[in-house]
Amino acid sequence: MKKLFKKILFILIVFIWSSLILAQDDILPVSQIKPGMTGYGKTVFQGTAIEKFDVEIISVLKNIRPEGDLILARLSGKTVDKAGIIAGMSGSPVYIQDKIIGALAFSWSFSKEPIAAITPIEDMLEIIERKYNTNFYNIHHPFKEYYVKDNKDNLQVLKIPLAFQGITEAGFDIFKEQFKNMGFFPMAGGEAGKDIQVPDKFEPGSAVAVNLITGDLNLSAIGTVTYVKQNKILIFGHPMFFSGSTDLPMSHAYIHTVLPSLYQSFKIGSATKTVGKIFQDQLGGLAGVMDQKAGLIPFQLDVNYQGVLKQYNFGLIKTYHMLPSLLSLCLYRSIEKAGGWWENNTLDFEFTVQFDNKSSMVLKDTIPGINLLDSLQTGMLLFLKPISEILMNKFEKVSITSIKGELKINTRIKMLEIQKMICDQREYYPGETVKARIVLKEYQGNTRSKDIEFKIPYNTPEGKFPLIVSSGREAQYVDFLLSPSKYMPYSFAHFLEIINTLSKTTELAIWSMSKDKGLMVNGEKLERIPDSYFSMLKNSLESGAMPVFTLLKEDLTLPYVIIGNTSQMIDIKKRSIQRKK
């Protein structure tokens, strides 16, 4: 009897406590919502003023999501009747009897009526209490519709407008598809203007922005505040990246207007003052906290166009999957006004990436092009791929602490094509010095030559020996094909060493190939070892060894990009035979 009494007492206490909490927070739980109920929602349609729209409850969609319901509602009002469900209304709080029931979050594609689905407030409140503990590099892609249980009728999260501030129409056209494929609704945002009055604080219905890039370019996702609790807020009513704990700048937003569209009506908005950070990105929405700064990657870029130097500064969110797109966008924006896009050019770039383990990576090369856009795109492939590989390496968890870049743009194609190689003689001993002249043809210019000296390796066997001239980049590519194990890192430090010693297109390389009996062990080459040891090491699983070819080269750096190749065959004589003088 006592046990039963204790259970009843416990249930009553929990019920009373829950009721007090609900009453205190002015919340109407989904269990009390019935079809036909009417209420209103809050959002910003222009400027920063919060406006109301009408809401009529249609039904409750039970268990449509993992452990969650959605509230089906019909919207109406002056702006909604004209534009329908609007991208940027994500998170708009909805009230019945002046009590909040949830956030506008879902809609149907090509619906003839403004019917939407609301995320219950109960599913959002627990997010705001979660602790901040993040490694934001884990995010993979923005939230997709398949997190909804039944997607056959095109129930989807409301599109998130992604405002591009500080880029031309041409740049916007280049990048919008990339971000559209990530689930955003890209739009040209523009700046809000210095005379805009920023609200002192967020309120339910306020316009809010989540920044992906800050500084000389601003890239911001626009939505609506659902709920405010002391210095924390809830927004969107659905995920943006669904990354769990996260670290993103949070700003006030200014809505210029609503653009009605048969395809998708959307708010044209701009981020204004950064006031805090987003620390949770969960199924029920995003949670932010005021007066705390997000941890961004500072990116400084110096652009030198024909002797005129300009410096740009950006802050990038910490995500390796989106980092290539974000960096490319910053680079494009920085050289848009430098000069004509369709000029012949040579682009010199150097990027230094600092990591939190005190190590660094330096990427440097030269790209010629018939237009600046092609040169930039080629250069970005050479720059961004190593960064992604380093961040996703299997040896050590690292984060980028800063990136510094230098771009030098010359408005002519600085390129030399290899024509031929002339050696001072046809026969050489191992260890003897070769004096050679390399003949090169300048792009749309004169023929020139380069005299070089190099030694024949002492262990070179007797017989025919090919000498090949090419760029260092081409020679290293052949080296990779012949000896791939040399480029397989065995530690994080070795990984950085491989990247930091990549050959460049401006290097002139003289190299050869000989089929030696050698092995690669932990990235180190063992040359011309005895047959017995070769067989033993080759079959040893513990050594990690594998047979390779020998690749020899000698590098010289020229202020031009090297293209083409040529070869010459020489004879190697035995050392015991003395050459007559």
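Residues numbered from 1 in each chain as written. Predicted model: local features only at pLDDT ≥ 70, side-chain atom pairs only at ≥ 80, totals over all residues. Heavy atoms only, no water.

Caption draft 1: Region of the structure containing the overall build of the chain. Along its length, the chain carries 9 helices and 30 strands. Relative to its 581 residues, the chain shows a buried fraction of 51%. Sequence separation of 24 or more characterises 70% of the internal contacts of the chain that already satisfy a separation of 6 or more. Of the roughly 28,500 Å² that the chain leaves accessible, carbon and sulfur atoms contribute 53%. (Helix = DSSP H or I, 4+ residues; strand = E, 2+ residues; numbered from the N terminus. Buried < 20%, exposed > 50% of the residue type's maximum accessible area, 1.4 Å probe, protein only. Contact = heavy atoms within 4.5 Å. Areas by Shrake-Rupley, 256 points an atom, 1.4 Å probe, with all protein chains shown as cover.)

Caption draft 2: Representation of the confidence of the model for the chain in the model. Averaged over the chain, the pLDDT score is 82; the fraction of residues at 70 or greater is 82%. Across the chain, the element-wise mean pLDDT spans from 45 in helix H1 (residues 2-25) up to 98 in strand S4 (residues 93-96). Scored below 50 in pLDDT, residues 141-152 shows 32 contacts in the model against residues more than four places distant or in partner chains. Below a pLDDT of 50 lies the segment residues 540-549, which in the model reaches 30 contacts outside its immediate sequence neighbourhood of four places, other chains included. (pLDDT = per-residue confidence, 0-100.)

Caption draft 3: Quick look at the pattern of salt bridges. All chains considered together, the criterion is met by 16 salt bridges. One salt bridge in this structure joins Glu 126 and Arg 130, with 3.0 Å as the shortest N-O distance. With a relative accessible area of 34%, Arg 130 lands in the partly exposed category. Taken together, the shared-partner salt bridges connect Glu 56, Arg 74 and Glu 113 into one network. (Salt bridge = Lys/Arg side-chain N within 4 Å of Asp/Glu carboxyl O.)

Caption draft 4: Just the packing of aromatic side chains, in detail. By the definition in use, this model includes 10 aromatic pairs. On the basis of an interplanar angle of 80° and a centroid distance of 5.7 Å, the ring pair of Phe 164 and Phe 179 is categorised as edge-to-face. A residue pair is termed long-range when its members are at least 10 positions apart, and Phe 164 in strand S8 (residues 160-165) and Phe 179 in helix H4 (residues 169-180) qualify at 15 residues. Of the two residues, Phe 164 and Phe 179, neither departs from the other in class, the shared state being buried. Here the aromatic rings of Phe 349 and Phe 351 are separated by 5.8 Å at their centres, their planes lie at 45°, and the arrangement is tilted. Residue class for Phe 351 comes out buried when judged on its relative accessible area of 0%. Taken together, the ring pairs connect Phe 164, Phe 172 and Phe 179 into an aromatic cluster. The ring of Tyr 40 carries the charged tip of Lys 52 above its face, separated from the ring centre by 4.2 Å. Directly above the ring of Tyr 560 sits Lys 414, whose terminal nitrogen or CZ lies 5.4 Å from the centroid. (Phe/Tyr/Trp six-rings, centres within 6.5 Å; stacked < 30°, edge-to-face > 60°. Lys NZ or Arg CZ within 6 Å of the ring centre and 35° of its normal.)

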